[in-house]
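# Understanding the architecture of this molecule
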Amino acid sequence: MSQQQIGIARAHANIALIKYWGKRNDELFLPLTSSLSLTLDAFYTDTKITFSENFTESSFFLDGQKMPPQEVQKLQRFVNLFEPLVGQLPHFQVESYNHVPTAAGLASSSSAFSALACAIHDALNLDLDSQTLSTYARQGSGSATRSLFGGFVEWEKGQDDDGPSSFARPIDDACHWDIAMLVVVVNEQEKHLSSREGMAHTRDTSPFYHLWPEEVAKDLAIIKEAIAEKDFQKLGEVAEHNAMKMHATMLSANPSFTYFEPATMNAMNAVRQLRDEGFLAYITMDAGPNVKIICKNSQVETIHERLLQEYSPEQLIIARPGPAPRKLSEEEFHDQ
Ligand code: 2P0
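Residues numbered from 1 in each chain as written. Predicted model: local features only at pLDDT ≥ 70, side-chain atom pairs only at ≥ 80, totals over all residues. Heavy atoms only, no water.

On to the nonpolar core. Core analysis: the largest hydrophobic core is formed by 42 residues, its most contacted members being Leu17, Trp21, Phe43, Phe152, Leu235 and Ile294. Looking at this core, the elements with two or more residues in it are strand 1 (4–18), strand 4 (35–52), strand 8 (152–155), strand 10 (180–184), helix 6 (211–229), helix 7 (232–251) and strand 13 (316–319). Residues lining this core come from more than one domain, with at least three contributed by each of domain 1 (4–173 + 329–334) and domain 2 (180–319). In this structure leucine 17 touches Leu36, Ser37, Leu38, Phe152, Met181, Ile223, Leu235, Ala239, Asn242 and Ile294, once residues within four positions along its chain are discounted. Within the second largest apolar cluster, 29 residues are counted, among which are Ala9, Phe78, Ala119 and Phe149. (Core = buried A, V, L, I, M, F, W, Y, C linked by side-chain atoms within 4.5 Å. Buried < 20%, exposed > 50% of the residue type's maximum accessible area, 1.4 Å probe, protein only. Helix = DSSP H or I, 4+ residues; strand = E, 2+ residues; numbered from the N terminus. Domains from an automatic or database assignment. Contact = heavy atoms within 4.5 Å.)

Right, dumping it as structure tokens:
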């Protein structure tokens with residue numbers, strides 16, 4: 001390896017419409033079900049990695065802050081995944097900037113590990129296709145698998161303990177879809193139970209969990225039909241139902257837990273009210289209390305205006321379909 005190798009990439013976050021909730025292999029991040037998401041333009045991570053023989057230790061800076069050793073170790077474990085391709089790697093420096101509005105309280109692991117995988121790929125001059133690279137991103141965080149593509153993306157669960165068989169593939173770039181996502185930030189505090197712990201606890205203790213894979217299989221078939229037919233209502237209805245079923249498995253875990261807060265219920269009622277008035281607006285929620293409204297892009301400004309009667313501008317963030325990751329120049333990276 002030459003003295004210094006540098007790679008820089010931007011990757012966008014995604015929100016699942018059909019959720020990933022449970023692994024069959026914790027070590028390899030192999031999911032129990034396939035899932036399907038929409039990549040979003042408004043939320044992304046820019047990451048630069050530098051490998052150098054001159055570094056005496058590896059380091060990680062997030063939004064300009066030096067991160068503690070345990071965070072560096074997580075990245076080291078991820079970087080090590082690439083060693084079978086190139087041999088032993090020297091120490092690294094990772095610099096990342098999360099472009100998720102600070103109040104959003106949204107997890108950024110999907111864009112973070114996707115951007116890091118792409119930056120490493122760039123630095124090491126590898127020639128992997130995006131599908132293969134998604135199997136690496138997956139081993140940083142499951143949802144990162146889907147951020148290797150833009151628009152609607154499916155993460156295939158794959159077979160058995162075969163890591164390469166579980167990858168992402170693009171379904172539709174969503175460019176011709178009248179769709180947006182409006183995030184209602186009801187609480188920006190860090191979640192008390194990580195999704196990683198929450199999904200393992202649900203899988204291990206909910207007597208209803210065995211129904212989850214069956215429901216996901218049905219919902220995936222419906223949403224893929226909806227995407228092919230450009231049927232917004234069908235897409236919204238199945239996405240909302242899928243999210244609610246995921247949260248129902250948590251209530252039935254032992255001990256029970258929930259990410260819902262009182263303010264979550266109010267936001268959900270606001271969406272139902274909009275629907276009663278004829279808007280096509282649907283709810284999805286992840287491992288936190290914030291509510292994401294799936295709506296038509298042509299109606300999102302009106303819905304936004306309506307919600308401003310109850311929420312501050314900082315609590316309402318509009319996102320639209322986003323692209324696949326891309327390489328960044330040094331100038332673009334430093335122009336943060
Ligand atoms: C998803 N979530 O499909 C689901 C729905 C949250 C709820 O993927 O353990 O950070 O790193 O694979 O990807 C969030 O979990 O978990 C997530 P790990 P991840 O988007």
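Another aspect to go through is the environment of isoleucine 6. Structurally, isoleucine 6 is set in strand 1. Distance from isoleucine 6 to alanine 123, taken between C-alpha atoms, is 4.6 Å for residues 117 residues apart in sequence. Setting aside its immediate chain neighbours within four residues, isoleucine 6 contacts Lys48, Ile49, Thr50, Asp122, Ala123 and Glu330.

A cis amide bond, omega 0 degrees, links asparagine 254 with the succeeding residue proline 255. Even without being glycine, asparagine 125 reaches a positive phi, approximately 55 degrees. With relative accessibility at 63%, the residue asparagine 125 sits in the exposed group. Even without being a glycine, lysine 230 presents a positive backbone phi close to 50 degrees. Mapped onto the fold, lysine 230 is located in the loop between helix 6 and helix 7.

On inspection of all chains with the given rule, the structure shows zero disulfides. We note that cysteine 118 lacks a disulfide partner, and the nearest cysteine sulfur, in cysteine 175, lies 18 Å from it. Between cysteine 175, a free cysteine, and cysteine 295, which holds the nearest cysteine sulfur, the sulfur-to-sulfur gap is 18 Å. (Disulfide = S-S within 2.5 Å.)

What follows deals with the packing of aromatic side chains. As enumerated under the stated definition, the model contains nine aromatic pairs in all. A ring pair is formed by tyrosine 20 and tryptophan 155, whose centres lie 4.7 Å apart and whose planes are at 65 degrees; its orientation type is edge-to-face. In this pair, tyrosine 20 is assigned in the loop between strand 1 and strand 2 (23–25) and tryptophan 155 in strand 8, connecting sequence segments 135 residues apart. Here tyrosine 20 matches tryptophan 155 in class, with each residue buried. Note on phenylalanine 78 and phenylalanine 113: the rings are 5.3 Å apart at their centroids and 65 degrees apart in plane angle, and the pair reads as edge-to-face. Taken as a pair, phenylalanine 78 in helix 1 (residues 69–80) and phenylalanine 113 in helix 3 (residues 109–123) lie far apart in primary sequence, 35 residues in all. Accessibility classification places phenylalanine 78 together with phenylalanine 113 in one group, the buried group. Ring pairing ties together the aromatic residues Phe78, Phe82, Phe113 and Tyr136, which thus form one cluster. (Phe/Tyr/Trp six-rings, centres within 6.5 Å; stacked < 30°, edge-to-face > 60°.)

The subject of this paragraph is the site of the ligand. The immediate surroundings of the ligand are formed by 17 residues, with Tyr20, Lys23, Ser141, Gly142 and Arg196 found nearest. In the environment of the ligand, an oxygen atom lies 2.6 Å from a nitrogen or oxygen atom belonging to the side chain of serine 141. Compared with its free state, where it exposes 470 Å², the ligand has 93% of that area covered by protein. It is helix 5 (residues 195–205) that contributes the most residues to the shell around the ligand, three residues altogether. (Near = heavy atom within 4 Å. Polar contact = N/O pair within 3.5 Å; in protein donor to acceptor, adjacent residues only side chain to side chain. Areas by Shrake-Rupley, 256 points an atom, 1.4 Å probe, with all protein chains shown as cover.)

In terms of domains, the protein chain is made up of domain 1 (4–173 + 329–334) and domain 2 (180–319). When each unit is reduced to the centre of its C-alpha atoms, the spacing between domain 1 and domain 2 is 24 Å. Together, the buried faces of domain 1 and domain 2 total about 2900 Å²; carbon and sulfur atoms form 70% of this surface. When the shortest N-O distance is used, the salt bridge between lysine 19 and aspartate 286 registers 2.7 Å. Our count for the domain 1 to domain 2 interface comes out at ten residue pairs in polar contact (both at pLDDT 80 or more). Looking at the side of domain 1 that touches domain 2, the elements with two or more residues in it are strand 1, strand 4, strand 8 and strand 9 (168–172). (Buried area = accessible area lost by both parts, 1.4 Å probe. Salt bridge = Lys/Arg side-chain N within 4 Å of Asp/Glu carboxyl O.)

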